[in-house]
Amino acid sequence: MKRLFCLLNLLALPLWASDAPDEAAYSVYLGENGVLVLKLIIEVEGSTPRGAFEHYIDHLMKSLDSNGDGTVTTNETNGKYLTANDARQAQLTPSSETVARNLVPDTSPADGKITRQEFLAYYRRIGLNPFVAFFQPNAEPQNGNRQPRRGTSPSETSLFLQLDTNRDGKLSADELTGALQTLRKLDLDHDETISAAELNPLTDTVVNQQRLPQTQDRMGSTSPFLGAGFDESLQKQVRRLIEKYDTTDPLKSGLPGSRVRNQKLSPQEIGLSQTAFTRYDGDGDGQLDFDELRQFLTHPEPTIIITFNLGEDSPLSTHTVTDELQDKVKISPDGSANINLGSTQLCLVKNNVSRVPSADQFLKPQFMAADADANGYLEKSEADRAFFFGATFQDLDADKNEKLFLEEVVAYFQLRFGVARSRVVLNINEQGRTLFEILDTDRDRRLSFRELKSAAEKLALWDKDGDGLLSDSEVPLQYRLVVAQGTLPALEGNVDRGNQTGTLAELTTGPLWFRKMDKNRDGEVSQREFLGDLSLFEQFDQNKDQYIDLTEALSAPVESLK
């Protein structure tokens, strides 16, 4: 009877809830005073994430139909689609995903032919879904849900003091706007970045030596976010929800005189409005039990709706369900959406990469550099000296003739790149609770000039008392949520984003001239780093942002540099 009550209640939910999880992505933040449900409406070239993924499947089937008869057979697909092991090796599915090794798409029925629905079902079974989410914790040791105060991090102490030029203990708009000019003198190696060591050369080395093992310990720390796309079962998410909010306080639990956790959540505990709570309370007892909380996480009612148009140069748009939240949501000049929750801030951004280099553009420079005798193919000794993103000679040599041609390398990665690009990825980074960590968006322990230019935007977001100044106590714990089209982890960038030492990581991708000119290893070439004529720089800098990124470098006419 109780299950019937739950079903009838869910039938009364609005249309946006029945669309989950395919047509909209939901992320539930476990705040201190209850849940905050973010509904992410994501458009990819005019389609939903599910539509984009299905478009890839249609393209794949068309390419597999070698005789053009409209039917894809198992003989035509041999070695031309990703297996569960392929997806795991390419880091497209969680390493914890347990899938039968002999799983094949031809199952319903097993007639030697593969339909569109069979391919879609097969990719779902091996863990390849249209939407995937990851959480990356901060490297710093935590106390509960908060970062240590200023003074425990030498780089943060030095940064705040360096910017506070009038020594009043607060940062003004002028001081934040002038951050780049103020800190430029500390760039001792002239690499256009300010490292933690340059901010505090005497103590930062010791801090970094202590930080590395802490980073590894915290990789398993619990995310304060729930929802579809994470590598966590729905049952585990419900248990975490109960563990977070189930209290012994009778004023919150709604159980007068009781001092025990009842493994259920009241409206005061979970923080839902009474209207929303009633929709999930199938038996009307004023408590959400395990099954009812499962329904909540399966069809959550949004608190804030954010729309992402990937590929378009437009800011995010937001809509708050309740009026009291309107003042907490602000759109920054850079187009990001910022949700201020007192001591915590959620910063939502989209990563627009409209011009995606092909696998050929990524791989051809590495292949040509490895082909020492210029005979058009690589022998094993040559391939072993090249860097093909972890793939072995045996992996790449499709015809097993002991000769590796560029076409084989491109085909291997293009198959994986196509699947990755068809998906939408939500990356949630716990930036920390210090100014240095929040400005350091790529988490390489270095502040690039581009990152420093964003410092002035923080005042309007964090000035809680409205005095036009930023004190250290006003800097919130920040989570940065980045929505983007997927890519292969091996191909997504040159810089080791997990580098916590502040040292320069070796570039592995891009034309040789680009890798040599990018002295500070930030994945971009500035005017100062560029060794050619200024007119060439302006030609290569297609989006006119004063930097040449990897995509622009790959499309630049190489002959212009000769």
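Up top you'll find the structure we're talking about.
Residues numbered from 1 in each chain as written. Predicted model: local features only at pLDDT ≥ 70, side-chain atom pairs only at ≥ 80, totals over all residues. Heavy atoms only, no water.

Participant: Break down the overall build of the protein chain for me, with residues and values.
Facilitator: When you go through the protein chain residue by residue, the secondary structure sums to 26 helices and 21 strands. The 562 residues of the protein chain split such that 51% are buried. Contacts spanning at least 24 positions in sequence make up 62% of the contacts within the protein chain whose residues lie at least 6 apart. Split by element, the accessible area of the protein chain, about 26800 Å² in all, is 51% carbon and sulfur. (Helix = DSSP H or I, 4+ residues; strand = E, 2+ residues; numbered from the N terminus. Buried < 20%, exposed > 50% of the residue type's maximum accessible area, 1.4 Å probe, protein only. Contact = heavy atoms within 4.5 Å. Areas by Shrake-Rupley, 256 points an atom, 1.4 Å probe, with all protein chains shown as cover.)

Participant: Please set out helix H16 (residues 290-298) residue by residue, giving values where relevant.
Facilitator: Every α-helix winds through 3.6 residues per turn, so residues three or four apart in the chain are directed the same way. Residues Glu292, Leu293, Phe296 and Leu297 constitute the buried set of H16. Looking straight down H16, one finds its buried side chains confined to an arc of 140°; they lie on one side. At the N-terminal boundary of H16, the capping side chain belongs to Asp289, with an oxygen 3.3 Å from the backbone nitrogen of Asp291. (Arc of directions from axis to C-beta. Polar contact = N/O pair within 3.5 Å; in protein donor to acceptor, adjacent residues only side chain to side chain.)

Participant: Hey, could you go over the packing of aromatic side chains for me, with residue numbers and the actual values?
Facilitator: Using the criterion set out here, one finds 17 aromatic pairs in the structure. Geometrically, the ring pair formed by Phe53 and Tyr123 is edge-to-face, given 6.3 Å between the ring centres and 85° between the ring planes. One end of the pair, Phe53, is in helix H3 (residues 49-64); the other, Tyr123, is in helix H6 (residues 116-125), and 70 residues separate them in sequence. Here Phe53 falls in the buried class, since its relative accessible area comes to 3%. For the pair Phe225 and Tyr479, a centre-to-centre distance of 5.5 Å together with 80° between the ring planes defines the contact as edge-to-face. You can see Phe225 sitting in strand S8 (residues 225-226) and its partner Tyr479 sitting in strand S19 (residues 477-485), a full 254 residues away along the chain. Using a relative accessible area of 1% as the deciding quantity, one classes Phe225 as buried. The class of Tyr479 is buried, set by a relative accessible area of 1%. An aromatic cluster of at least three residues, connected via ring pairs, comprises Phe53, Tyr81, Phe119, Tyr122 and Tyr123. For the cation-ring pair, Arg416 lies above Tyr412, with the distance from its terminal atom to the ring centre recorded as 3.6 Å. (Phe/Tyr/Trp six-rings, centres within 6.5 Å; stacked < 30°, edge-to-face > 60°. Lys NZ or Arg CZ within 6 Å of the ring centre and 35° of its normal.)

Participant: Break down the packing of H3 against H6 for me, citing the residues and quoting the values.
Facilitator: One way to put it is that H3 packs onto H6 with a least axis distance of 10 Å and a crossing angle of 120°. In terms of orientation, H3 lies oblique with respect to H6. Once H3 is placed against H6, the crossing between them reads as right-handed. Along its contact with H3, which presents Phe53, Glu54, Tyr56, Ile57, Asp58, Leu60, Met61 and Leu64, the element H6 presents Arg116, Phe119, Leu120 and Tyr123. Class assignment for the residues of the contact of H3 with H6 results in 9 nonpolar, no polar and 3 charged. (Axes fitted to C-alpha atoms, helices over the stretch in contact; angles between N-to-C directions. Parallel < 35°, antiparallel > 145°, perpendicular 65-115°, else oblique. Left-handed = near helix turned anticlockwise from the far one by under 90°. Nonpolar A, V, L, I, M, F, W, Y, C, P; charged D, E, K, R; others polar.)

Participant: An account of the nonpolar core is requested, with residue identities and associated values reported.
Facilitator: Inside soluble globular proteins, nonpolar side chains tend to come together where they are buried. Counting residues in hydrophobic clusters, the biggest one holds 57 residues, and the most contacted among them are Phe119, Tyr123, Phe388, Phe413, Trp513 and Phe530. Ala52, Ala133, Ile306 and Leu477 belong to the second-largest nonpolar core, a separate cluster that totals 31 residues. (Core = buried A, V, L, I, M, F, W, Y, C linked by side-chain atoms within 4.5 Å.)

Participant: Summarise unusual backbone geometry; cite the residues concerned and give the values.
Facilitator: Trans is the prevailing form of peptide bonds, just as negative phi is the prevailing case for residues other than glycine. Here the bond from Ser108 into Pro109 is cis, since omega is -5°, no more than 30 degrees from zero. When you line up the elements, Pro109 lands in the loop between helix H5 (84-89) and strand S4 (113-114). Of note in this structure, Gln91 is not a glycine but carries a positive phi near 60°. Considering the arrangement of structural elements, one finds Gln91 in the loop between H5 and S4. Owing to a relative accessible area of 53%, Gln91 belongs among the exposed residues under this scheme. With a phi close to 50°, Ala374 is a non-glycine residue in the positive phi region.

Participant: Residue-level account of the environment of Glu538, with values.
Facilitator: On the secondary structure map, Glu538 appears in helix H25 (residues 534-540). Look at Glu538 and you get partly exposed, because its relative accessible area is 42%. As a C-alpha pair, Glu538 and Ile548 span 10 residues in sequence and 9.0 Å in three-dimensional space.

Participant: Before we move on, can you summarise the pattern of salt bridges with the specific residues and values?
Facilitator: Under the counting rule described, the total for this entry stands at 10 salt bridges. When the shortest N-O distance is used, the salt bridge between Asp384 and Lys380 registers 2.9 Å. You can see Asp384 and its partner Lys380 sitting in helix H18 (residues 380-385), 4 residues apart, about one turn around the helix. The class for Lys380 is partly exposed, based on a relative accessible area of 35%. (Salt bridge = Lys/Arg side-chain N within 4 Å of Asp/Glu carboxyl O.)

Participant: Outline the environment of Pro365, supporting the account with residue identities and numerical values.
Facilitator: Position of Pro365 relative to the elements: it lies in helix H17 (residues 359-370). With relative accessibility at 24%, the residue Pro365 sits in the partly exposed group. In sequence terms Pro365 and Leu554 are 189 residues apart; their C-alpha atoms lie 9.7 Å from each other. Other than its neighbours up to four places away in sequence, Pro365 contacts Asp360 and Gly510.

Participant: An account of the sheet that holds strand S13 (residues 344-351) is requested, with residue identities and associated values reported.
Facilitator: In space, the 6 strands of this open sheet follow the order S5-S16-S19-S13-S12-S11, with mixed pairing throughout. In the strand order of this sheet, the two ends are held by strand S5 (131-136) and strand S11 (329-331), each with one partner. On average, adjacent strands in this sheet sit at an angle of 20° to one another, irrespective of strand direction. (Pairing = 2+ DSSP bridges.)

Participant: Could you give me a rundown of the side chain of Glu118, with the residues and numbers involved?
Facilitator: Turning to its location among the elements, Glu118 is positioned in helix H6. One buried charged residue, Glu118, forms no salt bridge at all, with the nearest opposite charge on Arg125 at 9.7 Å. Setting aside residues up to four positions removed in sequence, Glu118 forms contacts with Pro105, Asp106, Thr107, Ser108, Pro109 and Lys113. (Lys, Arg positive; Asp, Glu negative; His and termini not counted.)

Participant: Which residues make up the packing of H17 against helix H20 (residues 406-421), and what values do they have?
Facilitator: Between H17 and H20, the least distance of the axes is 10 Å, while the angle of their chain directions is 140°. With respect to H20, the axis of H17 lies oblique. As for the relative orientation of H17 and H20, their crossing is right-handed in sense. Where H17 abuts H20, its residues Ala359, Asp360, Leu363, Lys364 and Phe367 lie against Leu406, Val409, Val410, Phe413 and Gln414. Grouping the constituent residues of the contact of H17 with H20 by class yields 7 nonpolar, 1 polar and 2 charged.

Participant: Any chance you could break down the sheet that holds S8 for me, citing the residues and the numbers?
Facilitator: If you trace the 5 strands from one edge of the open sheet to the other, you get S8-S1-S2-S9-S10, paired in mixed fashion. Both edges of this open sheet fall to S8 and strand S10 (317-320), since each of them pairs with a single strand only. Here strand S1 (residues 25-31) pairs with strand S2 (residues 34-44) via 7 bridges, running antiparallel. Looking at S2, one finds that Tyr29 is bridged to Leu36. On the sheet, helix H12 (residues 234-245) packs against S1, S2 and S8 and is oriented at approximately 25° with respect to S1.

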